Amino acid sequence: MSTTACCSEFYEQDWVRALLDDSFHPGGPALTARTIESLALTRGERVLDLACGTGTTVIELATRGLHATGMDASASSIERARTRVHEARVGDAVSLVVGDVQTMPFADASFDAVLCECALSTFADPAALMRETLRVLRPGGRLGLSDMAVYGELPPDLARLAGPWACVQGAPTVEGYQRWLLDAGFRLLSTADESATLHQMARDLKRKLVVLGLGQVTGVVADQEIDVAELRTRLDQARALVDAGTVQYVRVAASRGRPQVVASPEPDAEVEPAAPQAPSAAPCDPSTGCC
């Protein structure tokens, strides 16, 4: 079974959904918004969300006037996404597909942009996935991804517990993500440290674990063989690793060749091409050839 399949099965458990709601990655909708905005998308553009889960991001894309396609290996997640898309009344702007994102059923240059949130590091061959992503992007199309980055080895107990839901077992360093993208043929646009979202997620999870533990004690929540005390201990351990810089969360924007971004004009305004987005400060600046 692939890593992504294991992750999908983990997130389908009721108690996991109760803790994480419908946004499974650190930073939630606010980070999704920053990722979308970093790509300077224009209304009407076609955007693919890889490993889309239960549809939080495709709904956000649709509400911004974009045509969104979500793809996920989990049939149950896609069914949940269809329900949520219907409830949000954005079905005309959304398509949902069950399948393996490493072999996408889309023609070359099908999309103006691709999003991949907290998923790339879970695939068996991330480099191959990035090449496939490049294939379905039009020339000048953009990629926005966010994911865990890990420097060194995690403590065994934490790796065992956090592996299936924190996307850390196969996570590279920030420079590792940049290398995957450059090797696939992408041009790096910006890299941002979003590690503060890990602290917020840990705080939110600890609050929810208190409720879950009370539910187990009172019988309101069925016994899921969850050691709530251990989970809280490991969350504290994880926060210490974030403070030390061992575990980070990174957001990266890239493009297939030179980005072609034109801002939506105001009524009766003269249209001018948007200025190219300069790479931000990052551990590896591709313009210097250090990668």
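Structural data are supplied above this passage.
Criteria and thresholds
Residues numbered from 1 in each chain as written. Predicted model: local features only at pLDDT ≥ 70, side-chain atom pairs only at ≥ 80, totals over all residues. Heavy atoms only, no water. Helix = DSSP H or I, 4+ residues; strand = E, 2+ residues; numbered from the N terminus. Buried < 20%, exposed > 50% of the residue type's maximum accessible area, 1.4 Å probe, protein only. Contact = heavy atoms within 4.5 Å. Areas by Shrake-Rupley, 256 points an atom, 1.4 Å probe, with all protein chains shown as cover. Phe/Tyr/Trp six-rings, centres within 6.5 Å; stacked < 30°, edge-to-face > 60°. Polar contact = N/O pair within 3.5 Å; in protein donor to acceptor, adjacent residues only side chain to side chain. Pairing = 2+ DSSP bridges. Axes fitted to C-alpha atoms, helices over the stretch in contact; angles between N-to-C directions. Parallel < 35°, antiparallel > 145°, perpendicular 65-115°, else oblique. Left-handed = near helix turned anticlockwise from the far one by under 90°. Expected span 1.5 Å × (residues − 1). Arc of directions from axis to C-beta. Nonpolar A, V, L, I, M, F, W, Y, C, P; charged D, E, K, R; others polar. Right-handed = clockwise from strand over helix to strand, strands pointing away. Salt bridge = Lys/Arg side-chain N within 4 Å of Asp/Glu carboxyl O.

### Details of the overall build of the protein chain
Check the secondary structure of the protein chain and you find 10 helices and seven strands. Buried positions account for 50% of the 291 residues belonging to the protein chain. Contacts in the protein chain between residues at least 24 apart in sequence constitute 75% of all its contacts with a sequence separation of at least 6. Counting only carbon and sulfur atoms, one obtains 53% of the accessible surface of the protein chain, whose full area is about 13,500 Å².

### Things to note about the packing of aromatic side chains
In this description, a pair of aromatic rings is defined by centroid distance and the angle of the planes. The full count for this structure, using the stated rule, is two aromatic pairs. Their ring planes at 90° and their centres at 5.1 Å tell us that Phe106 and Phe111 sit as a pair that is edge-to-face. Where Tyr177 meets Trp180, the ring centres are 5.4 Å apart and the plane angle is 85°; that geometry is what we call edge-to-face. One end of the pair, Tyr177, and the other, Trp180, are both in helix H8 (residues 174–184), three residues apart, so they sit about a helical turn from each other. Each member of the pair, Tyr177 as well as Trp180, is classed as buried.

### Regarding the side chain of Asp147
Among the secondary structure elements, Asp147 is positioned in strand S5 (residues 137–150). Among the polar contacts made by the side chain of Asp147, one reaches the main-chain amide nitrogen of Ser121 at a distance of 3.0 Å.

### Side note on the sheet that holds strand S3 (residues 94–98)
The strand order S3-S2-S1-S4-S5-S7-S6 describes an open sheet built from seven strands, whose pairing is mixed. Looking at strand neighbours, the two that pair on one side only are S3 and strand S6 (187–193), the edges of this open sheet. Each adjacent strand pair in this sheet contributes to an overall mean axis angle of 15°, direction not counted. Here six bridges tie strand S4 (residues 111–117) to S5, and the two strands are oriented parallel to one another. Paired with Leu115 across the strands is Gly144, a residue of S5. Contacting strand S2 (67–72) and S3, helix H5 (residues 75–88) runs over the sheet at an angle of about 165° to S3. Strands S5, S6 and strand S7 (247–255) of the sheet are contacted by H8, whose axis makes an angle of about 155° with S5.

### What to know about the packing of helix H6 (residues 126–136) against H8
Close contact between H6 and H8 brings their axes to 9 Å; oriented N to C, the two are set at 45°. The pairing of H6 with H8 is recorded here as oblique in orientation. The two elements H6 and H8 meet at a crossing, and its hand is right-handed. Counted together, Pro126, Ala127, Met130, Arg131 and Leu134 of H6 and Trp180, Leu181 and Ala184 of H8 form the full contact between these two elements.

### Some remarks on H5
One turn of an α-helix holds 3.6 residues; hence residues three or four places apart share an orientation. With 14 residues, H5 ought to run about 20 Å at 1.5 Å a step, and its terminal C-alpha atoms sit 20 Å apart, in line with that. Along H5, the residues classified as buried are Ser77, Ile78, Ala81, Arg84 and Val85. Viewed end-on, H5 has its buried residues packed into an arc of 120°, placing them on one side of the element. Those residues of H5 that are exposed and aimed more than 90 degrees away from the buried face are His86 and Glu87. Downstream of H5 by one or two residues, Arg89 has phi in the positive range, about 60°.

### Examining the packing of helix H4 (residues 56–63) against H5
The relative placement of two packed helices comes down to the angle between their axes together with the axis-to-axis distance. It is at 9 Å that the axes of H4 and H5 come closest, and there the two elements cross at 30°. One element, H4, and the other, H5, form an angle in the roughly parallel class. For the crossing formed where H4 meets H5, the hand is right-handed. Contact with H4, carried on its side by Thr56, Val58 and Ile59, involves Arg84, Val85 and Ala88 of H5 and no other residues of that element. Partitioned by chemical class, the residues of the contact of H4 with H5 number four nonpolar, one polar and one charged.

### Thoughts on the pairing of S4
Taken across its seven residues, S4 has seven buried, putting it largely inside the fold. Sheet topology places strand S1 (residues 46–50) next to S4; four bridges connect them, and they run parallel. Within the sheet, the bridge partner assigned to Leu50 lies in S4 and is Cys116. On the question of chirality, the crossover connecting S4 to the parallel S5 by way of H6 is right-handed.

### Points about the pattern of salt bridges
Enumeration over the complete set of coordinates arrives at 12 salt bridges. Asp112 serves as the salt-bridge partner of Arg46, at 3.3 Å between the closest nitrogen and oxygen. Residue Arg46 is located in strand S1, and its partner Asp112 is located in strand S4; the two are separated by 66 residues in the primary sequence. By relative accessible area, which is 36% here, Arg46 ends up partly exposed.

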